Amino acid sequence: PGTRYRVRGLIGAGGMGSVYEVEHEELGKLFVLKALRPQLLERKDLAARMKNEWHALGRLEHPNIVRVTDAGRTANGVPYYVMERLTGETLAARLRREGPMSVPSAIRVATAILDALAAAHAIGVVHRDIKPQNVFLPSGGGLKLLDFGVAKLRDRAALVVTRRGVAIGTPKYMSPEQAEGNPVDGRADLYAVGLVLFELVA
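All residue numbers here refer to positions counted from 1 along the written sequence of the relevant chain. Local features are withheld for residues below a pLDDT of 70 in this predicted model, meaning they are given only at 70 or higher, and side-chain atom pairs are given and counted only at 80 or more; totals for whole chains, interfaces and linings count all residues. As a rule here, side-chain values cover all heavy atoms of the structure and leave hydrogens and water aside.

Q: Would you mind showing me how to read the overall build of the chain here?
A: Check the secondary structure of the chain and you find five helices and 10 strands. Counting across all 202 residues of the chain, residues that qualify as buried make up 48%. Accessibility throughout is a Shrake-Rupley quantity obtained with a 1.4 Å probe, and a residue counts as covered only by protein chains that appear here. For the chain, the exposed area adds up to about 10,300 Å²; of that, 54% sits on carbon and sulfur atoms. Each helix is a run of DSSP H or I of at least 4 residues and each strand a run of E of at least 2, with the numbering of both proceeding from the N terminus. We call a residue buried when its accessible area falls under 20% of the maximum for its residue type, exposed when it is over 50%, and partly exposed in between, using a 1.4 Å probe and counting protein chains only.

Q: Before we go on, may I ask you to explain helix α1 (residues 44–59) in this structure?
A: For an α-helix, the turn length of 3.6 residues means that residues three or four places apart are oriented alike. In this model, α1 (16 residues) spans 23 Å end to end at C-alpha, consistent with the 22 Å of a helix rising 1.5 Å per residue. Of all the residues in α1, the buried ones are L46, A47, R49, M50, N52, E53, W54, A56 and L57. An expected span of 1.5 Å times one less than the residue number is assigned to each helix.

Q: Is there a simple way to explain the side chain of S18 in this structure?
A: Its location among the elements puts S18 in strand β2 (residues 17–24). For S18, a relative accessible area of 10% gives the class buried. With residues near it in sequence (within four places) discarded, S18 still touches L10, G12, A13, L33, K34, A35 and R37. Two residues form a contact once any of their heavy atoms are found within 4.5 Å.

Q: Could you clarify how one ought to interpret helix α3 (residues 103–122) in this entry?
A: With 20 residues, α3 ought to run about 28 Å at 1.5 Å a step, and its terminal C-alpha atoms sit 28 Å apart, in line with that. Looking only at α3, the buried set comprises A106, V109, A110, A112, I113, A116, L117 and A120. Projected down its long axis, α3 carries its buried residues within an arc of 155 degrees, all on one side. Residues of α3 that are exposed and angled more than 90 degrees away from the buried face: R108 and A122. Those residues of α3 that are buried are in contact with α2 (91–98), β7 (125–126), β8 (135–138), β9 (144–145) and α5 (186–201). Looking at the residues trailing α3, positive phi occurs at G124, about 80 degrees. The directions from the helix axis to the C-beta atoms are what the arc is built from.

Here it is in structure tokens:
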């Protein structure tokens, strides 16, 4: 309620938000909408984290990064943002289905992730959660980097969401400094890409 989108179905849900397939009421076009879980509205830190995510994605115009088209709040104050609708599968799903990749294929995937990260790092955005589940392989080819929900934005330092000493991300793909809750920069993302590349071939 209070948006221009009609929910067609739930795609998935995590600890912080829910992701829906939606249809724009005027355009009749399909999009993906990510919204904070209503029961978490009192958690100002989570609302700020979601706002960070759409600010990061809204500033990133790159063919290998999912595109944000809209953002706002519902009639009852739930923050949300809207992304392009992609068809295909995650890199994690591809690995489960097909097993390890050939070295040339793995290098192509890693290079595309690094291209996306170069654009993010150039404007001060550190992803902090690079893993196969956050890499999408569209059915028409190419690659899209997803989920900037725990991204760190250099120029939004006043909106500190993560306390020092608190580790944010997925442990399996964290650099040592990230796992210790220390300040991180783009090198933490590069470390994670190295782990993903190892996983793709091994």
